[in-house]
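Spelled out from the first residue to the last, the chains are:
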Amino acid sequence: MKVLWLASHPVQYQAPLFRALSARSELTVAFAHRQTAEQQGGAGYGVAFDWDIDLLGGYRNVFLRPAARRPSIDRFWHCRSGDVEPLIEREKPDAVVLGGWNLFVYWQARAAAHRRGIPVWVRTDSRSSPGEPALRRALRRLTYPAMLRAFSGFLAAGTQSSRYLESHGVPAARIFVCPHTVDVDRFGSGRANERGPAREKLGLPSGVRLVAFVGRLLPGKRPLDVCEAIARLPGAGSHQFVCIGDGPLAPMIEQSARRLGVPAHLVGFRNQSELPSWLQASDVLVLPSASETWGLVANEALAAGCPVILSDAVGSASDLQAFAPAVRVYPCGDVALLAGCLQSAAAADGAAVRQALDAAVASFAPARAAGQCLAALDVVAGSRA
C-alpha cells in the first residue's frame, strides 16, 4: 500500500510509528513545518532546544515549503503550502493520512486528495475536556458532525478519542484504534545497567524509592501534588522525588519540598537521549495532570520498566489502566489517594508488575501499531478496488 502521511512537524513520538509503517508499506511523510529551537521551547519547556535523537531516519520524508509569511503550527492560517497539490499528484497514494484538522495545510491536502478520489484519514488523540467553556462545546456540537464527514476514516489513539469522535456523530464503523507508540527498544534497552549509575548521581541510599515526574513545570501539570503525596507516606525519607523538566513552577516546587521535608531533586530539562536512564532509575512515574490528551511519557516509562500512576484526567488512563499493577489511576487532585497509590506500588508483587509491564509494552509496540494502522487503511482501500 502506498501511503502519504501529512504531519505538522517532526515529533519524537511519531518517528517509531513512521519507521514501522515504512517497513510494511510505501510510506512518504510530508512535514508542513520545521520547528526552531525557540518555537519548541516556547511550548512551556522553559528552554530552547532541538531534539537530540534522529527523528527523520528510517523512512522517506519531505518538507513542504511554507506559504505563510510567519510560518508556525500555532495558528490555522500560518501553516499552509503550495506544495501540497503537486505532491499528491506526483505520489498518487492509495491513502492520505492527516495529523489533524487544526491547520489549513490539512484542508489543502483533503481537497487535493478528494479531487482525485483518494481516501483521506485523520490520525487523532482529541478528547473531551471537562473544563471546556459551554459555548465552545456547543459550537463544536453544531459544526463538527458536518466537518468530520469530510474524512473517510479515523485512526484514534484510544478509548477517549474514539468516544470523542462518536460524540460528534462519527459512526463507529469509521473509527479504528491505532495506539500511540514510543521507541520501546531505546527506552527498554539496558534497564538493569542504567539503574545503578543514574541513582548514584542523586546519592540515593539503598532501598529508597525514587518517584519521578517528567514534564513541563506548569500549573496544569500539578507536579506539586507529587510532593504533597510523598509527604503523607510513613517512614520519612523512604521515597524521594525527582523532577525532570523545567518551567515557571520550579522555584515553588523547591520551596514546597523544603517545607514538607521531602527529599527532592530538580534536575531540569532532559532531552530524549538522557530520558531512558532517568526512567530506568525510577521506581514509579506519576503523571498528575489536570488535562492531558494522552501523556506519552507514561508509555515511555512503561517501556523503561517503570510502573506509572496516572490521574484520571490523563487521556491514556482509560486504556493503560488495564495493565494493573504496573498502572494505577486515581482521581485528579486527590492527594490522599495518590499517596495510597504510591504505597500500593511499593508493596506490589514484583513478578506481577513485570508481567503487566511486558503486556503493556506489547500493546503499543511500533510494529503492532503499524499493523493496526495499515489494516484500517486497507478497509477503505479494499472497498474502492
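Residues numbered from 1 in each chain as written. Predicted model: local features only at pLDDT ≥ 70, side-chain atom pairs only at ≥ 80, totals over all residues. Heavy atoms only, no water.

Caption draft 1: Unusual backbone geometry, seen in detail. Following A324, the chain continues into P325 via a peptide bond in cis, with omega recorded as 5°. Structurally, the position occupied by P325 is in the loop between helix 13 (317–320) and strand 13 (327–330). The backbone phi angle of K92 is positive, close to 45°, even though this residue is not glycine. Residue position: K92 is located in the loop between helix 3 (84–91) and strand 4 (95–98). (Helix = DSSP H or I, 4+ residues; strand = E, 2+ residues; numbered from the N terminus.)

Caption draft 2: Summary view of the sheet that holds strand 12 (residues 308–311). Spatially, 10-9-8-11-12-13 is the arrangement adopted by the six strands of the open sheet, whose pairing is parallel. Among the strands making up the open sheet, the edge pair consists of strand 10 (264–268) and strand 13. Here the strands of the sheet are splayed against their neighbours by 20° on average, with no regard to which way each runs. Set on the sheet, helix 9 (residues 224–231) makes contact with strand 8 (209–214), strand 9 (239–244) and strand 11 (284–287); between it and strand 9 the angle comes to about 175°. Helix 10 (residues 250–260) rests against strand 9 and strand 10 of the sheet, and its axis sits at about 165° to strand 10. (Pairing = 2+ DSSP bridges. Axes fitted to C-alpha atoms, helices over the stretch in contact; angles between N-to-C directions. Contact = heavy atoms within 4.5 Å.)

Caption draft 3: Expanded view of the nonpolar core. In terms of nonpolar packing, the biggest core is built from 40 residues, with V242, L279, L285, L302, V308 and L310 touching the most fellow members. Excluding anything up to four places from it in sequence, V242 contacts L202, L210, V211, A212, F213, H265, V267, W278 and S282. In this structure, L87, A112, A113 and V122 belong to the second largest nonpolar core, which totals 31 residues. (Core = buried A, V, L, I, M, F, W, Y, C linked by side-chain atoms within 4.5 Å. Buried < 20%, exposed > 50% of the residue type's maximum accessible area, 1.4 Å probe, protein only.)

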